[in-house]
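Read off the chains here:
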Amino acid sequence: GDKVKQSPSALSLQEGTNSALRCNFSIAATTVQWFLQNPRGSLMNLFYLVPGTKENGRLKSAFDSKESYSTLHIRDAQLEDSGTYFCAGEANSAGNKLTFGIGTRVLVRP
Amino acid sequence: ETAVFQTPNYHVTQVGNEVSFNCKQTLGHDTMYWYKQDSKKLLKIMFSYNNKQLIVNETVPRRFSPQSSDKAHLNLRIKSVEPEDSAVYLCASSFPGDPGNTLYFGEGSRLIVV
């Protein structure tokens, strides 16, 4: 978790509001993946990113490899967005293995 | 839709026993992985296989051994479990250019060692 720092560690959101999660890398990440782990434990891949941005429905993610960070924006939060969001960076120095952050726990309130 | 299947989902056992977790993927991927998720939710890679060949073997105790019969299956055997082995074990698969090495996870196998 030290090489990939996620913030905030936890977040409580009112349904319908927007928020942003951040991931800072101390490794030279070349690609980033974002995952959502639901309360049952299933990990779902949300984004695979090279430097740049991607959007999928109410989610938007950006990755800046020079500044070594990535963001995940949630727009119009819904109850099913609740869960733990993980980012993971892939770096040549780590043998192209993914290094995960410790996650951001998100609770969306009605 | 789940395409990486793990069994069992949950297992409680005593210290010293042997445990096996099975994983099968129906995505046609070449690479499969085992990750360990500890009580603090941190995910760490244990092993990865590419087309039945071991390509990553992190520093894990020798009592852990992966087994792959073909590229769609990757099992994990733990001989003589210890209390610190209590965790969720997650299997994943990937395919280069899908894009990159996008990981697809199973639902996890929770191990409790008493």
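Our structure's up above, just so we're on the same page.
Description of the structure in this document. Computed from a predicted structure; not experimentally measured.

## Considering the sheet that holds strand β1 (residues 4–7) of chain A
Residues and elements named next belong to chain A.
- On the basis of which strands lie adjacent, the open sheet formed by 5 strands has the order β1-β3-β8-β7-β6 and antiparallel pairing. Of all strands in the sheet, those with a lone pairing partner are β1 and β6 (52–56), marking the two edges. Across the sheet, the mean angle from the axis of one strand to that of its neighbour is 15°, orientation sign disregarded.
- One ladder, built from 6 bridges, connects strand β3 (residues 19–25) with strand β8 (residues 69–74); its direction is antiparallel. Among the inter-strand pairings, Ser19 is bridged to a residue of β8, identified as Ile74.

## Description of the pairing of strand β5 (residues 43–49) of chain A
Residue and element names in this part refer to chain A.
- Taking burial as the measure, the 7 residues of β5 include 5 buried ones, the bulk of the element.
- Note: strand β4 (residues 29–37) against β5, 6 bridges, orientation antiparallel. Looking across to β5, one finds that Val32 is bridged to Leu49.

## Let's talk about the state of the cysteines
Residues and elements named next belong to chain A.
- Scanning the entire structure with this criterion turns up 2 disulfides over all chains.
- There is a disulfide in this structure between Cys23 and Cys87, and the S-S distance comes to 1.8 Å. Sign of the S-S torsion, about 70° for the bond between Cys23 and Cys87, identifies this disulfide as right-handed. With Cys23 in strand β3 and Cys87 in strand β9 (residues 83–91), this residue pair connects regions lying 64 residues apart in the sequence. The same class applies to Cys23 as to Cys87, namely buried.

About the cut-offs
Residues numbered from 1 in each chain as written. Chains lettered and ligands numbered in written order. Predicted model: local features only at pLDDT ≥ 70, side-chain atom pairs only at ≥ 80, totals over all residues. Heavy atoms only, no water. Pairing = 2+ DSSP bridges. Helix = DSSP H or I, 4+ residues; strand = E, 2+ residues; numbered from the N terminus. Axes fitted to C-alpha atoms, helices over the stretch in contact; angles between N-to-C directions. Buried < 20%, exposed > 50% of the residue type's maximum accessible area, 1.4 Å probe, protein only. Disulfide = S-S within 2.5 Å.

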